[in-house]
Amino acid sequence: MSNIKSTDKQFVAGTYGRFDLVLTHGRGSTVWDEDGKQYIDLATGIAVNTFGYSDEGWVTAVTEQLGKLQHTSNLYYHEPGAKLAEKLCTRTGAKSVFFSNSGAEANECAIKTARLWAATNKGAEYYHIITLKNSFHGRTITTLAATGQDTFHTDFTPLTEGFLYAEANNADSVEELLKSHKCAAVLAEPVQGEGGVMPLTQGFMESLRALCDQYNVLLMLDEVQTGNGRSGHLYAYQSYGVTPDVLTTAKGLGGGLPIGATLFFEKSHGTLKAGQHGSTFGANPISCAAACHVLDRIDDALLSEVRAKSEYIFTTLTGKKGIKSVSGLGLMIGIETEGDSSAILKACMERGILPIKAKSKIRLLPALNIPWEALKAAVAIIAEEAEKAL
Ligand SMILES: *Cc1c(COP(=O)(O)O)cnc(C)c1O
């Protein structure tokens, strides 16, 4: 075993099941391992490296900021934070933004906002938050409670109280909970990523909006994974035409640097007051400069390219021998195979492509600017290996 693997195994807490691969450097959608073997990256560090590895424009934006201010604390104003908030609001219609460092933190902020909003506007007993079964909202105790999958809860109880779980794509199941409990909010991912790349239906998203209005609760969308162009729209809600009251995002926003954002629309704007929430590293200037660059590059041309690439993957793989189904939105795709997906994934790695898994599906989360040639080569290999595994 290489020195890096054995050192990692000995000294890094064993919370991750890693692939047997040490990555050393990358360029765009190409990444190399310690033996010099080259791969087409199809996972972007779980939807994080929006423009792949060491993208030139991104590196310039980050290094320019590095030479100015790396951190200020939130006791002072700084340009990258103010500009990023303005860009996010301008492009979504949100009124204000809270910055943190991860998806879980962005969701924690949304949850605190929902509790405070309900306590202020409806009464403190309206603390329940409805999430969906099979969802994923993070790894802190509260976001685990929000995550509607029992396997994540075992042995970590007692979790934060007040979460209720409805069936995805079943509006009646949501309404029953809204009727029977005093609620503050509904929290949902437009596409359940970790749950197996399962999109919510158009009808269900519209019902969620209508129900949240009817019962006067906040509609909060977790776009940690679907956000920042991944869906083929800047944010996935825009593809449904259903505007949330709170939106959370993280993963791809910084293009590879840690940042989380909670966006407040009209109904939730101004809920959190001075002193009620904070984060030492939140709005880190370097992460914000990186995110400004990422957002500026996600324009209509790039988004239509993302949709075209998505369409290509769907049409090429749907109905192919060995493939049961293809699901997802934009460049967030789940492939259900007839044969064992772990074996297919291993064969893919041997042939120089790096997809990952979501439940038992093969999951693709390539860079939004993955070259066509690389994408076509990778999709061909997946099709071949899925058929071989029959
Ligand atoms: C990854 C993810 C999270 C958690 O984000 P972290 O940055 O790992 O805390 C939350 N929600 C969704 C939908 C995610 O995909």
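A short tour of the structure in this document, coming up. (Residues numbered from 1 in each chain as written. Predicted model: local features only at pLDDT ≥ 70, side-chain atom pairs only at ≥ 80, totals over all residues. Heavy atoms only, no water.)

**What to know about the site of the ligand**
Test applied: What makes a residue near a molecule or strand is one non-hydrogen atom of that residue sitting within 4 Å of it. Any N or O atom pair separated by 3.5 Å or less is treated as a polar contact, with the protein-specific requirement of one donor-capable and one acceptor-capable atom, and with residues adjacent in sequence counted only for side-chain atom pairs. Areas reported here follow the Shrake-Rupley algorithm with a probe of radius 1.4 Å; residue values treat only the protein chains shown as occluding. Runs of E in the DSSP output that reach at least two residues are strands. Runs of H or I that reach at least four are helices, and both are numbered from the N terminus. Only Asp, Glu, Lys and Arg are considered charged, only Ala, Val, Leu, Ile, Met, Phe, Trp, Tyr, Cys and Pro nonpolar, and every remaining residue, Gly among them, polar.
Within the structure, the ligand sits among S102, G103, A104, N107, F136, H137, G138, E189, D222, V224, Q225 and K251. Contact distances for the ligand include 2.8 Å between an oxygen atom and a backbone N or O atom of G103. Between D222 and the ligand, the recorded distance is 2.8 Å, taken from a side-chain N or O atom to a nitrogen atom. Isolated, the ligand exposes 380 Å² of accessible area, and the fraction of that covered by the protein chains is 81%. Take the shell around the ligand: its biggest share by element is three residues, from helix 5 (residues 103-121). Across the shell around the ligand, the residue classes break down as three nonpolar, six polar and three charged.

**Some details on the sheet that holds strand 6 (residues 163-166)**
Adjacent strands of a sheet form backbone hydrogen bonds with each other and so pair up, either parallel or antiparallel. Rules: For two strands to count as paired, DSSP must find a minimum of two bridges between them. For every element, the axis is a line fit to its C-alpha atoms; helices are fit only across the contacting stretch, and the angle between N-to-C directions ranges from 0 to 180 degrees. Two residues qualify as a contact provided that any one of their heavy atoms is within 4.5 Å of a heavy atom in the partner residue.
On the basis of which strands lie adjacent, the open sheet formed by seven strands has the order 4-12-11-10-7-5-6 and mixed pairing. Looking at the sheet topology across the chains shown, the edges are occupied by strand 4 (96-100) and strand 6. Taking the axes of each pair of neighbouring strands and ignoring which way they run, one obtains an average angle of 20 degrees across the sheet. Where strand 5 (residues 128-132) meets strand 7 (residues 183-188), three bridges bridge the pair, whose relative direction is parallel. By the bridge assignment for strand 7, I129 is matched with A185. Packing against the sheet, helix 5 makes contact with strand 4, strand 5, strand 6, strand 7, strand 10 (218-222), strand 11 (246-249) and strand 12 (260-264), and its axis sits at approximately 30 degrees to strand 12. Its contacts with the sheet place helix 9 (residues 202-214) against strand 5, strand 7 and strand 10, and it is angled at close to 145 degrees to strand 10.

**Let's talk about the sheet that holds strand 17 (residues 361-364)**
In space, the four strands of this open sheet follow the order 13-14-17-16, with antiparallel pairing throughout. This sheet does not close on itself; its edge strands, each paired only once, are strand 13 (323-329) and strand 16 (356-358). Along the sheet, successive strands turn relative to each other by an average axial angle of 35 degrees, direction set aside.

**Quick look at the pattern of salt bridges**
For the record, the criterion: A side-chain nitrogen of Lys or Arg and a carboxyl oxygen of Asp or Glu constitute a salt bridge if their distance falls within 4 Å. Here's how the labels work: a residue is buried when its accessible area is under 20% of the maximum for its type, exposed when over 50%, partly exposed in between, all with a 1.4 Å probe on protein chains only.
If you walk through the whole model with that rule in mind, you get 16 salt bridges. A salt bridge links D245 to R209, with the nearest nitrogen and oxygen atoms 3.0 Å apart. Taken together, the residues span a long stretch of sequence, with D245 in the loop between helix 10 (237-240) and strand 11 and R209 in helix 9 at a distance of 36 residues. Exposure class is identical for D245 and R209. Each is buried. The closest approach of N and O atoms between K388 and E385, which form a salt bridge, is 3.0 Å. Of the two residues, K388 and E385 both sit in helix 14 (residues 372-388), three residues apart, roughly one turn of that helix. The exposure class assigned to K388 is exposed, which follows from its relative accessible area of 59%. The structure contains a network of salt bridges with shared partners spanning R351, E384, E385 and K388.

**Section: unusual backbone geometry**
Note the cis peptide between T157 and P158, where omega equals -5 degrees. When you line up the elements, P158 lands in the loop between helix 7 (150-153) and strand 6. A positive phi angle, near 60 degrees, is found at I46, a position not held by glycine. Assignment of secondary structure puts I46 in helix 2 (residues 44-47). Judged by relative accessible area, I46 falls into the partly exposed class, the value being 37%.

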